[in-house]
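Each chain, letter by letter, is given below.
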Amino acid sequence: MNEQPVMVFKDVVKVYPLPSGDVTALDEISFQVERGEFISVMGPSGSGKSTLLNLMGCLDTPTSGDIYISGTRTGDMSDKDLTYLRRDRIGFIFQYFNLFPLLNIIENVTFPMMLKSQKSVDPEKGKEVLRSVQLDDSLFTHTPTEISGGQQQRVSIARALINDPDILLCDEPTGNLDSKTGAGIMDLMSELNRKGTTIIMVTHDSHIAEYSRRTIRIADGRIVQ
Amino acid sequence: MIFWEIAKRNIRIHMLRSTLAMLGIVIGVVAIASMGILGNSLVATVSESLSSVGDSVTVSPYSGGGGGMGGGGSGTSVNLKLSDQNFQQIKRAVAPNVAIPVLSTSERMKVGVGTDDIVATIYGVDPQYIPDLKLVLTAGDYNNGNSGCLVGFTFAKDHNIKVGSRISIGSDGEKGTLRVTGIIEERGMSFDLSTDNAIVATQDWFDNTYNRNDYDQIIVKVKEGQDTADVKTLIEKQLNKREKIVSVMDSKATLATIYSTFGTVTTFVTAIGGISMVVAGVSIFNIMMMSVSERIKEIGIMRSIGTQKKEVMSMFIYEAAILGVIGSIAGGILSIVAGYLISALMLGSTKYLITMANALSVGEGICFGIVVCLACGIYPAWQAANLNPIDALRHE
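All of these numbers come straight from a predicted model, not from anything done at the bench.

Enquirer: Give me the packing of helix α3 (residues 84-94) of chain B against helix α6 (residues 228-239) of chain B: which residues, what numbers.
Expert: All names here are of chain B. Running from amino to carboxyl end, α3 crosses α6 at an angle of 135°, the nearest separation of the two axes being 9 Å. It follows from the interaxial angle that α3 and α6 lie oblique. The two elements α3 and α6 cross, and the hand of that crossing is right-handed. Listed contacts from α6 to Asn86, Gln89, Ile90, Ala93 and Val94 of α3 are Val231, Leu234, Ile235, Gln238 and Leu239. The residue makeup of the contact of α3 with α6, split by class, is 7 nonpolar, 3 polar and no charged.

And the structure:
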């Protein structure tokens, strides 16, 4: 078993240069995420949550400090390699589901697989993952607009899981759902975590954060707890 | 591949917009290809009407400069005739090619009793040279005797002339009567004798009737394997040594000039058609930019879950390619129809529609349409691929 942390932040600083003066969004952040953890990141608006999420998702690079994903330092990686890293090691779950409206459910789920294999893929794995997030078979050929928000978020979770990533990064995964549907989604995520999936979830809902086992609170770009 | 599928579906859900963009390409291709077809058909039609192509050198008195002429002094800038001495010099210079002295005049004449006077050209040619001029007869024969003549196809048709008909020459027939012994096949525009609307009489009859002992032009029929340009040079060297007394026209060079002129005209009208393709290209560019701006968030999602820049780019290039290929092929098919109609209306004939040159014109139009679409899709595709994923994800 690989005991290496799936994510390490070491003295990470992110500064946005603006005409009115530099803005420090993250100030010497250090933490690590062990395999199988379920972490929520909480903080008020403007605290640096989104910046942290972008750095964790390799969508942005730090001004200084080091970030390691599964032992790989991301600072020196090219845009192409960072893209491969996002495709193979990270699964994204968004607040607004962000499914592709032109593709049906199966195609949405298998999209990252197709990126990886560079050819058409067997939809059977997509179906398996969709079943594992408790989506009914009859919905597989529907388009995202034909299913409910909760179902869309399940599809989004299935898409994030399809390439067996090391980490699931969730940005307010229940933010656009009613409380009952949101609870269903959180139960599903807890279940995934129990099966070994590492989850980092950004939220400002303390009830939702209770599903996680550890909470990182940030304020003014620093970890406060 | 999934990006090809997405490109197809995006076109399908924006069918009206895509169809309008394709319509622009269709119009562009039709404009270019049909203009090409028209130009090619025009050249083919003219080529057909140019008989005795490329084997003649025509010598006529030099009409420019206004000075006197040498070579026996019979040809002057006022008189504009060639002397027998000129003929003998040319004959010697071009041997073994055949030099044919030709007399010509425009004359009033009457065909049949009670008809109106008509005006036509009469050529005087020694009958021995008729076979060299390759005058093919549709009726009658060459053996026309002294008062016999051959008449051109159009002349015979317009005035209902048959072999045996008599033509009174002069206002009141004062120059005698010619008997038609043969009808010359239609020759079209010619570099030697334009016989379609003319009469070819004997040189003796012409000399006697008009009291002539000189010539209006000398036609040199160049044998196969010899270059008309060389023959022209020989004549010019022989006769224009001291001063220019004759003008020498090389039919092959003239033909080349005619084709070159038609080529330029064809290129020009095709370029005008190309303007519509530029407009179509702007339309495609606009559509592609709209497509990118509508899908910024989608591009952000794609990039965030691991789509490479080149894959995003390919998706938009595919879209432009689909619009270009469908629009251009439809335009190519329609341009054949347009070429048919234009040829039928403007040239009165569609027999030159199916030719290699026209196939090339249609092919060029199609290729140009596709290239324009791809070129107009590159910048929007590049822009899409280089969007910052974070900004794109935030886009509403």
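Enquirer: Tell me about the domain arrangement of chain B, residues and numbers included.
Expert: According to the domain assignment, chain B consists of domain 1 (2-50 + 256-394) and domain 2 (102-217). Using C-alpha coordinates to define each centre, domain 1 of chain B is positioned 56 Å away from domain 2 of chain B.

Enquirer: Describe the environment of Ile199 of chain A, listing the residues and the values that go with them.
Expert: All names here are of chain A. Along the chain, Ile199 turns up in strand β8 (residues 198-202). Sequence separation between Ile199 and Gly21 is 178 residues, and the spatial gap between their C-alpha atoms is 35 Å. When neighbours within four sequence positions are excluded, Ile199 is seen to be in contact with Phe38, Leu168, Cys170, Met189, Leu192 and Asn193.

Enquirer: Hey, could you go over the pairing of strand β10 (residues 198-202) of chain B for me, with residue numbers and the actual values?
Expert: In the case of a regular strand, side chains alternate between the two sheet surfaces. Residues and elements named next belong to chain B. Counting buried residues along β10, 5 of its 5 residues qualify, which places the element largely inside the surrounding structure. Two strands pair when backbone bridges link them, and strand β4 (residues 118-125) and β10 are joined in this way by 5 bridges, in the parallel orientation. Note that in β10 the partner of Tyr123 across the bridge is Val200.

Enquirer: Got a sec to walk through unusual backbone geometry? Specific residues and values, please.
Expert: The omega torsion across Ala95 of chain B and Pro96 of chain B is 10°, close enough to zero to call that bond cis. Within the element layout of this structure, Pro96 of chain B appears in the loop between α3 and β3 (98-111). In this model, Phe97 of chain A sits at a positive phi of 65°, which is unusual for a non-glycine residue. Taking the number of C-beta atoms within 10 Å as the measure of exposure, Phe97 of chain A has 23 and is therefore buried.

Basis of the calculations
Residues numbered from 1 in each chain as written. Chains lettered and ligands numbered in written order. Predicted model: local features only at pLDDT ≥ 70, side-chain atom pairs only at ≥ 80, totals over all residues. Axes fitted to C-alpha atoms, helices over the stretch in contact; angles between N-to-C directions. Helix = DSSP H or I, 4+ residues; strand = E, 2+ residues; numbered from the N terminus. Parallel < 35°, antiparallel > 145°, perpendicular 65-115°, else oblique. Left-handed = near helix turned anticlockwise from the far one by under 90°. Contact = placed C-beta atoms within 7 Å. Nonpolar A, V, L, I, M, F, W, Y, C, P; charged D, E, K, R; others polar. Domains from an automatic or database assignment. Buried ≥ 20, exposed ≤ 12 C-beta atoms within 10 Å, placed from the backbone. Pairing = 2+ DSSP bridges.

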